[in-house]
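Coordinate analysis (summary)
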Amino acid sequence: MTRHRVLWITLFLALAVWLTMPWLRMALNLLEQRMTGPKTIEDRLIQYGTVVEQRLAPAFARVGLTFPPERVLLLGLKRERRLEVLVATASGPWHVLCAYPILAASGVSGPKLREGDRQVPEGLYRIESLNPNSRFHLALRVNYPNEFDRAQALRAGRDNLGGDIMIHGNQVSIGCLAMGDEAAEDLFVLAARTGLPNIRVLLAPCDLRTEGLPPPADGDPAWLSELYKELQAEMKILPEMAR
């Protein structure tokens, strides 16, 4: 066998392993759950709480706050494929604690309108629950569709808006934000310790602190430009990440 042929076979095998790793991790998660039984949120806090607090300690020291913070804002930027974590006291200014790359997210700029459109939502949301037994390691459930989404759908006569929008581990996703397992552990523990009522989620098409409003595209709903203006106003008061 020639050296050239060996090289191609090696590259092919490496690519095959890389492509199957996310699904292998998912299978291992399911196997763990079958063998040990379902976990509670408290189980996961015992499992990951200390290591997450240690990982985040330097970032909290940098912004001058203690863990857990009183408020958290998760800022998801679709074009930049980045999730920023901002923290604050009850009445103090926001600080950028850290940021994680979004490893997988389907769709394009624009809101989620219906089941199966593969879109990540855009708007102002909350975290409504935590899933300690996700197929994708750990997950935070976003409250899509929210009141605004349902109101716009009612006006347009749309139904079946979809749901089950998660911020989760692993690196495969359709309509959710896949963050990798370590980032999911950080976000899960941070959310649990902070308390879900104290967490906001802002999902935007791009970084509207520095970018102009996206131009309308064919098929965009008429209300989208007003939503983008609202998101931009919310984001203008937020600090930018240090470059």
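Quick summary incoming for the structure in this document. Here the residue index of a chain counts from 1 through its sequence in written order. With pLDDT at 70 or above as the cut-off, local features in this predicted model cover only qualifying residues; side-chain atom pairs require 80 or more to be listed or tallied, and sums for whole chains, interfaces and linings still use all residues. Each side-chain value is derived from all of the structure's non-hydrogen atoms; neither hydrogens nor water enter the calculation.

1. A look at the overall build of the protein chain
- Numbered from the N terminus, helices here are DSSP runs of H or I no shorter than four residues, and strands are runs of E no shorter than two. What the protein chain contains, in helices and strands, is five helices and eight strands.
- When the elements of the protein chain are put in sequence order from the N terminus, they spell out α-α-β-β-β-β-β-α-β-β-α-β-α.
- Should any heavy atoms of two residues lie within 4.5 Å, those residues are counted as being in contact. At a minimum sequence separation of 6, the contacts of the protein chain that also span at least 24 residues come to 63%.
- When the accessible area of the protein chain is evaluated, it comes to approximately 12900 Å², of which 58% is carbon and sulfur surface. The method behind every accessible area is Shrake-Rupley, applied with a 1.4 Å probe, and residues are considered shielded solely by the protein chains displayed.

2. Describing the nonpolar core
- Nonpolar cores are built from buried Ala, Val, Leu, Ile, Met, Phe, Trp, Tyr and Cys residues. Side-chain atoms within 4.5 Å join them into one set. We call a residue buried when its accessible area falls under 20% of the maximum for its residue type, exposed when it is over 50%, and partly exposed in between, using a 1.4 Å probe and counting protein chains only. L74, V85, I127, L140, I167, M179 and L187 are the most contacted members of the largest nonpolar core, which has 41 residues in total.
- When residues of this core are traced back to their parent elements, those giving at least two are helix 2 (41–63), strand 1 (71–77), strand 2 (82–88), strand 3 (95–101), strand 4 (123–134), strand 5 (137–142), helix 4 (181–194) and strand 8 (199–204).
- Top contributing element to this core by residue count: helix 2, with seven residues.
- If sequence neighbours within four positions are ignored, I127 has contacts with L74, L140, R141, V142, I167, L196, I199 and V201.

3. Observations regarding the packing of aromatic side chains
- Ring pairs are drawn from Phe, Tyr and Trp, using the six-membered ring of Trp, whenever the two centres fall within 6.5 Å, and their geometry is named by plane angle: stacked under 30 degrees, edge-to-face over 60, tilted for the rest. Within this structure, the stated rule accounts for three aromatic pairs.
- Between F60 and F67, the ring centres sit 5.6 Å apart and the planes meet at 85°, which makes this aromatic pair edge-to-face.
- Ring geometry for F148 and W223: centres 5.4 Å apart, planes at 85°, overall edge-to-face. In this pair, F148 sits in helix 3 (residues 147–156) while W223 sits in the loop between strand 8 and helix 5 (224–236), placing the two residues 75 residues apart along the sequence.
- Residue F148 is classed as partly exposed on the basis of its relative accessible area, which comes to 30%.

4. Concerning the pattern of salt bridges
- Salt bridge, as used here, is a side-chain nitrogen of Lys or Arg placed within 4 Å of a carboxyl oxygen of Asp or Glu. Under the definition given, this model contains 14 salt bridges.
- Ionic pairing is found between R209 and D207, a salt bridge with its closest N-O pair at 2.8 Å.
- Relative accessible area serves as the criterion here: at 6%, R209 is assigned to the buried category.
- One connected set of salt bridges, linked through shared partners, spans R55, E182, E185 and D186.

5. Comments concerning the sheet that holds strand 2
- One requirement defines pairing of two strands: DSSP has to find at least two bridges between them. Reading across from one edge, 3-2-1-8-4-5-6-7 is the order of the eight strands in this open sheet, with mixed pairing throughout. Where the open sheet ends on each side, the last strands, each with one partner, are strand 3 and strand 7 (177–178).
- Judged from the four bridges that link them, strand 4 and strand 8 form a sheet pairing that is antiparallel. The partner of G123 across the bridge, within strand 8, is L203.
- Every angle, taken between N-to-C directions, lies between 0 and 180 degrees, and every axis is a line fitted to C-alpha atoms, over only the stretch in contact when it is a helix. Where helix 2 meets the sheet, it contacts strand 2, strand 3, strand 4 and strand 5, and its direction lies at approximately 120° from that of strand 3.
- In the packing of helix 4 onto the sheet, the strands contacted are strand 1, strand 2, strand 3, strand 4, strand 5, strand 6 (166–168) and strand 8, and the crossing angle to strand 5 comes to about 55°.

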